[in-house]
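# What the coordinates show
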Amino acid sequence: MKKIFFCLLSLTLAVNSFALTSKEEDALVREFLWHEFVLLPKDKRPKIGVTLSAGGLRGFSHIGSMEVLMESGLPVDYMTGTSMGCIVGALFTAGVSQERMHNLASDMPLSALSSDLTLVGAIKYIFNDKLFSSQKFQDFIDNEVGGVYYENLTIPFACVSADIKTGEKVVFDSGPVARGVRASMNLPGIFAPVEYRQRYLVDGGVVDYMPVDIVREMGADWVLAIFALPDYSRNVPSTIMGYVLRTADLRGAYLTTNSEKDANFVIAARVGDIGAMDVKETLKAVDIGAKATIKDLAAMQENLLLFSIDYVFK
């Protein structure tokens, strides 16, 4: 656009009249261009998609990442997520406040996941091979998002689950949001499969840990992938559930390799050895996500601005 070009030329001439370092000059120009970019109409810029990885409760890091991105003004046109990424994505696109999401991160009891997470339920799980029900979690999410349907979200959103019978990827983008979220975080070997339309659904991380492909299919031209990246080397699981979760994490790490290649930019929130079900470390995960995003924000903005040149000046 001519307006941006002449403004940029004026800014460049002004910058050159001051004794600034090249790094300071770059930052000043980038900030100006970013400010102009976020004000562009949707049809004058690329459509932007954000996808959030799985990762258990360590995926609360996505809350910190999204908070920083929203403060930066990043326009989001489409979102996808798997498992914990699906939970955060659903809350975000349903308009749940950052304050409420922080409250959930600081006080998210495991009992909210299932009514079977009791001593009796644990005994049945161990001795009778009776998996936990995740119906309570669906009710919990339904209450948080106000019973909203995918079709009514302000930002188009989809989440991924897996059919344990066929191994197929199942995408939820219509109907009640809470039902899709429940299916997407339904850890196999811990929660009983969700029966839906003759399918038996489990955690989407089994087939698509970070669904870059889905957000592209929705229409995104430029995709930001946010990965809650754990460090598997620091400890060895010591419980049955620990081994189930570790197996899912390792499978997820393998799947994420291709997803990272297909994204335009990846922010990796290095959550270290925070456990997938460690309720005491969720606020730490939020902080890690925020710091990782702040660290990569300038590089992300430059990547998107360069990608957008053909759209802005066409």
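Read on for an overview of the structure.

Basis of the calculations
Residues numbered from 1 in each chain as written. Predicted model: local features only at pLDDT ≥ 70, side-chain atom pairs only at ≥ 80, totals over all residues. Heavy atoms only, no water. Helix = DSSP H or I, 4+ residues; strand = E, 2+ residues; numbered from the N terminus. Buried < 20%, exposed > 50% of the residue type's maximum accessible area, 1.4 Å probe, protein only. Polar contact = N/O pair within 3.5 Å; in protein donor to acceptor, adjacent residues only side chain to side chain. Contact = heavy atoms within 4.5 Å. Phe/Tyr/Trp six-rings, centres within 6.5 Å; stacked < 30°, edge-to-face > 60°. Pairing = 2+ DSSP bridges.

Here we take up the environment of S184. Note on placement: S184 falls in helix 8 (residues 177-184). Overall, S184 belongs to the buried group, its relative accessible area being 0%. Along the chain, S184 and C159 lie 25 residues apart, while their C-alpha atoms are 6.6 Å from each other. Polar contacts involving the side chain of S184 include one to the main-chain amide nitrogen of S83, which spans 2.8 Å.

The next subject is the side chain of S134. Following the sequence through the fold, S134 ends up in the loop between helix 6 (119-127) and helix 7 (135-145). Among all residues touching S134, those that are not within four sequence positions of it are L113, R182, N186, F191 and V194.

Right, let's get into the side chain of E144. Tracing the chain through its elements places E144 in helix 7. Apart from the residues within four sequence positions on either side, E144 is in contact with L91, V96, R100 and L104.

This next bit is on the packing of aromatic side chains. Under the defined criterion, the tally for this structure stands at six aromatic pairs. Ring plane angle 25° and centroid distance 6.1 Å describe the contact between F137 and F140, whose orientation is recorded as stacked. With a gap of three residues between them, F137 and F140 both fall in helix 7, about one helical turn apart. Residue classification places F137 among the buried positions, given a relative accessible area of 0%. On the basis of relative accessibility, which here comes to 22%, the residue F140 falls in the partly exposed class. On the numbers, 5.4 Å between centres and 35° between planes, the contact of F172 with Y196 is tilted. Here Y196 lies in strand 5 (residues 194-196) and F172 lies in strand 4 (residues 169-172), a separation of 24 residues in the sequence. In this structure, F172 and Y196 share a single accessibility class: buried.

Of all seven residues that make up strand 3 (residues 157-163), seven are buried, and the element is covered over most of its length. Residue alternation in strand 3 divides its side chains into two sets, F157, C159, S161 and D163 and A158, V160 and A162, and both sets are buried. For strand 2 (residues 78-82) and strand 3, the ladder comprises four bridges, and the chain directions are parallel. By the bridge assignment, G81 is partnered in strand 3 with C159. In this sheet, strand 4 lies alongside strand 3 in antiparallel orientation, the contact comprising four bridges.

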